[in-house]
Amino acid sequence: MTNHPHLFSPFRVGPLTLPNRFVMAPMTRGRAGADAVPTEAMARYYGLRADAGLLITEATAISPGGSGWLGAPGVYSEAQVGAWRKVTEAVHRKDGRIFLQLWHMGRVSHPDFLGGGLPVGPSAIAAKGDANTPRGKRSYVTPHPLTVAEIRAIVDDYATAAKNARAAGFDGVELHAANGYLIDQFLRDGANRRTDDYGGSPTKRARFLLEVTQAVAAAWSADRVGVRLSPTGNFNDMQDSDPSATFHHATRELDRLGLAYLHVTEPLPGHMMHVPLPPVAPAMRQAFHGPFVLNGGYDAAKADAAIAAGDADLIAFGVPFLANPDLVARYRTGAELNAPDFATLYTPGEKGYLDYPVLAAAKG
Ligand SMILES: Cc1cc2nc3c(=O)[nH]c(=O)nc-3n(C[C@H](O)[C@H](O)[C@H](O)COP(=O)(O)O)c2cc1C
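Residues numbered from 1 in each chain as written. Predicted model: local features only at pLDDT ≥ 70, side-chain atom pairs only at ≥ 80, totals over all residues. Heavy atoms only, no water.

Engineer: How would you sum up the site of the ligand? Please name residues and give values.
Structural biologist: Neighbouring residues of the ligand: 20 residues in total, closest P26, T28, R228, N295 and G318. Note that an oxygen atom of the ligand is positioned 3.2 Å from one of the backbone N or O atoms of A59. At a separation of 3.2 Å, an oxygen atom of the ligand approaches a polar side-chain atom of H176. Burial of the ligand by the protein chains amounts to 92% of its free accessible area of 620 Å². A majority-of-atoms criterion places the ligand in the largest pocket. (Near = heavy atom within 4 Å. Polar contact = N/O pair within 3.5 Å; in protein donor to acceptor, adjacent residues only side chain to side chain. Areas by Shrake-Rupley, 256 points an atom, 1.4 Å probe, with all protein chains shown as cover. 1 Å grid on protein atoms, 1.4 Å probe; cavity = no way out; pocket = protein on both sides within 12 Å on 5 of 7 lines; lining within 4 Å. Sits in = over half its atoms within 2 Å of the grid points.)

What follows is the structure, encoded as structure tokens:
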């Protein structure tokens, strides 16, 4: 026994008591069916991981216009909501808790997903790189810069998506404000050159994030809403001239809202997604007084050390959970981990999805 909090100590998030500090990080897996409807396989996949303190689903489109990833699910149609209900039931049957990650891809969608229409963004700045469309790789295009009326309509779409998530039986929602998707595109000045109330200073660039967060909190309850940020990440061609100022401001404002948690992904040195910039997460931890989740390159020892040091309350594990449905049991017993198969991260079908072995003692 230790007096410090550790990976296996319980923790309260809003109205929920998590039995441990393991969060399953959101991970796109590309296994949804036609019309972005979740499948039975997805219910099994999440159900297998229900002993995590909290599961966060793969990023899920809030609207057809926010979509742009092959096999990613949505949460804007009745069929999708009905199918998500089977996922939440599978997790709740095993006494788990699950949040839905709400996603609008913004400029990194592609006309192939949008009936030929342009993707949208804060400014007419194309990301460098390629979208993976049904016709293969296609360069990102210059997005249509959103008008204020169009921004308001997207804020409403987020609120509707949160209501749909609630109707589908989720325990809460996480706003995907990380990794270069629409909200992050507004936050960082590499993608946002607006000169109206939504661009310019850190305050103005955070406006869209805060409007979405407040709308979603009003549609459900602030303590059912988490926010994910990636202050130094460069995925999807993102950059910012002053990450510390941008994310310190956003964090201080989010802190006022009484959210379920703040989730910061800032991969540790040595991680494939690590960016050699001064870390911003420690200052965000100081500025945010609610539950704080860290992610990026953690194993059991690093997670325990971060929790004991007070750097985080909860640790989100991505790839380790993908390859080990029974990650909690494996870390508890010190068992070896399955190696991830990177070839099947996003491929359709059950291979690399439902066939990772679980320990004999954890079966059933
Ligand atoms: C296959 C895969 C899919 C991912 N999809 C998402 C996603 O949908 N939303 C998100 O916020 N992050 C996504 N990520 C990032 C992970 O949540 C996480 O930040 C990353 O894997 C680093 O954590 P780890 O070292 O514990 O794996 C994805 C990562 C992987 C490997």
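Engineer: Tell me about helix 3 (residues 148-167), and please be specific about residues and values.
Structural biologist: Given a rise of 1.5 Å per residue, 20 residues ought to cover 28 Å, and the 29 Å separating the end C-alpha atoms of helix 3 matches this to within 8%. Lining the buried residues of helix 3 we find helix 2 (78-93), strand 5 (98-103), strand 6 (120-121), strand 10 (172-176), helix 4 (182-187) and helix 6 (207-219). (Helix = DSSP H or I, 4+ residues; strand = E, 2+ residues; numbered from the N terminus. Expected span 1.5 Å × (residues − 1). Contact = heavy atoms within 4.5 Å.)

Engineer: Any chance you could break down the sheet that holds strand 5 for me, citing the residues and the numbers?
Structural biologist: If you trace the 8 strands once around the closed barrel, you get 3-4-5-10-11-12-13-14, paired in parallel fashion. Pairwise comparison of adjacent strand axes, ignoring direction, gives a mean angle of 25° for this sheet. Two strands pair when backbone bridges link them, and strand 3 (residues 22-24) and strand 14 (residues 314-317) are joined in this way by 3 bridges, in the parallel orientation. Paired with M24 across the strands is F317, a residue of strand 14. (Pairing = 2+ DSSP bridges. Axes fitted to C-alpha atoms, helices over the stretch in contact; angles between N-to-C directions.)

Engineer: So, the environment of A32: which residues are in play, and what are the values?
Structural biologist: Note that A32 resides in the loop between strand 3 and helix 1 (40-47). Overall, A32 belongs to the buried group, its relative accessible area being 14%. What A32 contacts, discounting residues up to four positions off in sequence, is V37, T39, M42, G71, A72 and P73. (Buried < 20%, exposed > 50% of the residue type's maximum accessible area, 1.4 Å probe, protein only.)

Engineer: Hey, could you go over the side chain of R194 for me, with residue numbers and the actual values?
Structural biologist: Here R194 shows up in the loop between helix 4 and helix 5 (202-205). What makes R194 buried here is its relative accessible area of 11%. Side-chain polar atoms of R194 contact the backbone oxygen of P122, separated by 2.9 Å. A distance of 2.8 Å separates a polar atom in the side chain of R194 from a polar atom in the side chain of D196. What R194 contacts, discounting residues up to four positions off in sequence, is G121, P122, S123, L146, I151, F186, G199 and G200.

Engineer: Outline the pattern of salt bridges, listing residues and values.
Structural biologist: For the coordinates displayed, the defined rule picks out 9 salt bridges. The residue D313 makes a salt bridge to R285 at a minimum N-O spacing of 2.9 Å. Of this pair, D313 sits in the loop between helix 9 (300-308) and strand 14 while R285 is found in helix 8 (residues 281-287), placing the two residues 28 residues apart along the sequence. Here D313 and R285 have matching classes, each one buried. Here R330 makes a salt bridge to D326, at a shortest N to O gap of 2.8 Å. (Salt bridge = Lys/Arg side-chain N within 4 Å of Asp/Glu carboxyl O.)

In short, the description is geometric, and any link to function would need to be established separately.
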